[in-house]
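What follows is each chain in one-letter form.
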Amino acid sequence: MNQLSKTADVAIIGGGVIGLAVARALALRGVREVLLIERDSLGAESSSAAAGMLAPQAEANRAHEFFYLTCKSRDMYPAFAAALLEETGIDIELDTTGTLYLAFTEHDAEELQKRYEWQTEAGLPIDKLSATAVRQLEPAINEDVRLALKFPLDTQVENRRLITALSAANELLGVRLETGTAVTRLEIQRNRVTGIETSRGFVATDSVVIAACAWSALLVAGDKALPDPRIKPVRGQMLCFQPNLPLTRHVIYSPRGYIVPRRDGRLLAGSTTESAGFEKQVTAQGVHSILTSALEISPRIASLPLTDSWSGLRPRAADTLPVLGRCAEIAGVYYATGHYRNGILLAPITGELIAAAVVDKEFPSDLSIFSPDRFGMVAVG
Ligand SMILES: Cc1cc2nc3c(=O)[nH]c(=O)nc-3n(C[C@H](O)[C@H](O)[C@H](O)COP(=O)(O)OP(=O)(O)OC[C@H]3O[C@@H](n4cnc5c(N)ncnc54)[C@H](O)[C@@H]3O)c2cc1C
């Protein structure tokens with residue numbers, strides 16, 4: 001292992017898609033000494049566990065700042081994917097087939113009707129499909145389906161290829177990616193960050209970006225106070241099937257789960273939403289609930305070989321919104337975390353917003369609801 005450098009212009013804590021997207025955006029803005037510190041391997045946690053859906057419209061019940069942020073980031077993906085391909089030769093498999101949302105009960109149908117109405121009124125692209133029409137589009141769908149919505153702009157990426165592409169892009173840009181290295185403490189003097197203590201020594205820096213997912217709230221600063229983003233891990237389990245032939249072309253949701261066809265032939269099914277601390281098991285109950293919702297979407301899944309399963313921890317802040325931007329109380333500390341169910345979706349815009357905050361000291365005032373200061377400060381020594 002090389003010597004850890006003793007200084008950095010910006011140090012980023014966490015090497016998931018968020019830390020990697022921020023690092024790349026900083027390097028593209030000309031920051032010379034960008035250091036990313038990851039205690040495990042790049043993408044080892046939530047970013048590898050995800051389903052890769054870029055589906056803000058499918059998941060939204062109303063228009064608000066968070067919804068517009070997610071749509072903006074989704075719409076950045078074609079250029080983001082093209083840039084990564086150009087920079088690294090790696091295709092992140094942005095699939096633009098679109099997303100379907102199915103109703104099986106009267107209550108499901110009422111909810112989908114509401115979603116259809118507000119999104120139509122807001123001028124968003126959305127189609128309502130009869131049971132016959134959606135089964136013509138995807139014959140493997142359960143014949144009990146009542147109606148469906150199609151979100152043509154909601155797409156997906158192969159999130160593990162995204163990690164590989166972002167890592168390669170950072171290496172080519174000269175970002176120092178230090179894996180197997182844990183940050184143990186932030187050094188703060190007179191309300192300003194001056195460095196980070198790591199498992200391989202001290203790094204002096206006046207800018208630190210916290211992108212440590214569910215572990216962000218565990219970072220300490222000696223006896224000094226940090227914002228308390230009150231981020232908790234929320235476990236999500238996933239199953240992976242291997243059909244001989246593709247079962248569906250679209251990402252397909254119901255109110256109880258989703259299935260995601262991958263370009264390499266795998267079919268993912270998810271997920272659970274559990275408070276289980278930092279335990280990453282796949283449980284009998286989790287498998288049961290995912291199978292139940294997947295079989296409701298397509299009974300044909302019953303005969304597919306189940307080839308893999310895993311779980312990951314989503315970072316959820318107390319109000320479920322991301323935690324983005326600079327910390328007002330401690331100069332030089334920035335947060336890029338709390339992305340909960342949408343970290344893959346929000347990676348491009350998070351990279352841009354945080355890089356602009358660090359380099360240009362700019363952050364859009366209409367995004368202040370995501371400020372790390374909204375939770376108040378706590379002494380966490
Ligand atoms: C089952 C499941 C399905 C999901 N599906 C989707 C989806 O379809 N679409 C979507 O947009 N999002 C999805 N998500 C959410 C998404 O995965 C997360 O929001 C996103 O990956 C968060 O990225 P991150 O970089 O903040 O976190 P991570 O990928 O967890 O990266 C944080 C890194 O910080 C490191 N770290 C922590 N503490 C320290 C320390 N002290 N020192 C050094 N390193 C440290 C960790 O080792 C980790 O690698 C899903 C999540 C799960 C679990």
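All figures in this text were calculated on a predicted structure; none of them were measured in a lab.

S.K.: Explain the sheet that holds strand 17 (residues 267-270) here, please?
M.R.: The pairing of strands in a sheet comes from backbone hydrogen bonds and takes either a parallel or an antiparallel form. Pairing within the open sheet is mixed, and its 8 strands lie in the order 5-6-4-15-16-17-14-18. In this open sheet, the two strands that pair with only one neighbour each are strand 5 (127-130) and strand 18 (306-316). Each strand axis lies, on average, 20 degrees off the axis of its neighbour in the sheet, ignoring direction. One ladder, built from 3 bridges, connects strand 15 (residues 251-254) with strand 16 (residues 257-261); its direction is antiparallel. Within strand 16, the position partnered with Ile252 by the bridge is Ile259.

S.K.: In this structure, what is going on with the sheet that holds strand 8 (residues 176-178)? I would like to understand it.
M.R.: The strand order across the open sheet built from 6 strands is 8-2-1-12-20-19, with neighbouring strands paired in mixed fashion. Only two strands of the sheet have a single partner each, and these edge strands are strand 8 and strand 19 (323-326). Neighbour-to-neighbour, the strand axes of the sheet open up by a mean angle of 20 degrees, direction not taken into account. Sheet topology places strand 12 (residues 208-210) next to strand 20 (residues 333-337); 3 bridges connect them, and they run parallel. Each residue of the ladder has a partner; that of Val208, found in strand 20, is Val333. On top of the sheet, helix 9 (residues 347-359) reaches strand 1 (10-13), strand 12, strand 19 and strand 20; it is set at about 175 degrees to strand 20, its chief contact.

S.K.: What should I look at first to understand the environment of Ala60 in this one?
M.R.: Relative to the helices and strands, Ala60 resides in the loop between helix 3 (56-59) and helix 4 (65-88). In sequence terms Ala60 and Asn159 are 99 residues apart; their C-alpha atoms lie 21 Å from each other. Setting aside anything within four residues of it in sequence, one finds Ala60 in contact with Phe67, Arg115, Trp118 and Gln119.

S.K.: Teacher, can you tell me more about the site of the ligand here?
M.R.: In the neighbourhood of the ligand, 39 residues make up the surrounding shell, with Glu38, Ser47, Tyr340, Arg341 and Leu345 lying closest. A distance of 3.3 Å is found between an oxygen atom of the ligand and a backbone nitrogen or oxygen belonging to Val17. In this structure, an oxygen atom belonging to the ligand sits 3.2 Å away from a main-chain N or O atom of Gly52. Expressed as a share of its isolated accessible area of 1000 Å², the protein-covered part of the ligand is 98%. Mapped onto the shell around the ligand, the elements with two or more residues apiece are helix 1 (17-28), helix 2 (46-49), strand 14 (232-241) and strand 18. A class-by-class count of the residues in the shell around the ligand yields 21 nonpolar, 13 polar and 5 charged.

Rules used throughout
- Residues numbered from 1 in each chain as written.
- Predicted model: local features only at pLDDT ≥ 70, side-chain atom pairs only at ≥ 80, totals over all residues.
- Heavy atoms only, no water.
- Pairing = 2+ DSSP bridges.
- Helix = DSSP H or I, 4+ residues; strand = E, 2+ residues; numbered from the N terminus.
- Axes fitted to C-alpha atoms, helices over the stretch in contact; angles between N-to-C directions.
- Contact = heavy atoms within 4.5 Å.
- Near = heavy atom within 4 Å.
- Polar contact = N/O pair within 3.5 Å; in protein donor to acceptor, adjacent residues only side chain to side chain.
- Areas by Shrake-Rupley, 256 points an atom, 1.4 Å probe, with all protein chains shown as cover.
- Nonpolar A, V, L, I, M, F, W, Y, C, P; charged D, E, K, R; others polar.

Function cannot be read off these values alone, since they describe shape.
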